[in-house]
Amino acid sequence: MTTLEPARIPAAAIERAVNGPGRRASRLPRPFTMVTTGGMTGVMSLASSLCELGYRVPDFAVDVHEGVSCTSITCTVALTTDECDAFADTVRGLPGVESVQQY
């Protein structure tokens, strides 16, 4: 009796078959927590920068308290798997951003 095993298909070929030629990878909502300085001015600057960089941000919540040096922002950004690390590095480089964590 002969047993037939399926041929090994490279991951790139499977992804190309699923997404089709020339299609981009799907963007999924990815939640992030960011800490920034500068109060509302810092928050508005970060929000403007995200828009200017072309990120789609469907949810954006801010927790600002007077007299506190840092502001907490929770947001959801539409990213592909490959864009997640680059997004965090890009945002960390913006002025006033103290930390960026995906949760």
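Residues numbered from 1 in each chain as written. Predicted model: local features only at pLDDT ≥ 70, side-chain atom pairs only at ≥ 80, totals over all residues. Heavy atoms only, no water.

Undergrad: Outline helix α3 (residues 83-92), listing residues and values.
TA: Among all positions of α3, only Cys-84, Phe-87, Ala-88 and Val-91 are buried. Within α3, the buried residues cover an arc of 95 degrees as seen down the axis, which keeps them to one side. The exposed set on the far side of α3, more than 90 degrees from its buried face, consists of Asp-85 and Asp-89. (Buried < 20%, exposed > 50% of the residue type's maximum accessible area, 1.4 Å probe, protein only. Helix = DSSP H or I, 4+ residues; strand = E, 2+ residues; numbered from the N terminus. Arc of directions from axis to C-beta.)

Undergrad: Could you give an account of the environment of Cys-70, naming the residues involved and the relevant values?
TA: Looking at where Cys-70 falls in the secondary structure, it is placed in strand β3 (residues 70-79). Sequence separation between Cys-70 and Glu-98 is 28 residues; the distance between their C-alpha atoms is 8.4 Å. Among all residues touching Cys-70, those that are not within four sequence positions of it are Val-35, Thr-36, Thr-37 and Glu-98. (Contact = heavy atoms within 4.5 Å.)

Undergrad: So what's going on with helix α2 (residues 39-52)? Residues and values would help.
TA: With 14 residues, α2 extends 20 Å between its outermost C-alpha atoms, agreeing within 8% with the 20 Å of an ideal straight helix rising 1.5 Å per residue. Taken together, the buried positions of α2 are Gly-42, Val-43, Leu-46, Ser-49 and Leu-50. One side of α2 carries all its buried residues, which in axial view fall inside an arc of 125 degrees. Exposed positions of α2 whose direction lies more than 90 degrees from the buried face are Thr-41, Cys-51 and Glu-52. (Expected span 1.5 Å × (residues − 1).)

Undergrad: Run through the sheet that holds strand β2 (residues 59-63), naming residues and quoting values.
TA: Taken together, the four strands give an open sheet; going across it, the order is β2-β3-β1-β4, and neighbouring strands pair in antiparallel fashion. Lying at the two open borders of the sheet, with one neighbouring strand each, are β2 and β4 (97-102). Taken over all neighbouring pairs, the strand axes of this sheet differ in orientation by 20 degrees on average, direction set aside. In this structure, strand β1 (residues 28-37) lies alongside β3, joined through ten bridges in antiparallel fashion. Following the sheet pairing, Met-34 is matched in β3 by Ile-73. Along the sheet, α2 makes contact with β1, β2, β3 and β4, crossing β1 at roughly 145 degrees. Strands β1, β3 and β4 of the sheet are contacted by α3, whose axis makes an angle of about 165 degrees with β4. (Pairing = 2+ DSSP bridges. Axes fitted to C-alpha atoms, helices over the stretch in contact; angles between N-to-C directions.)

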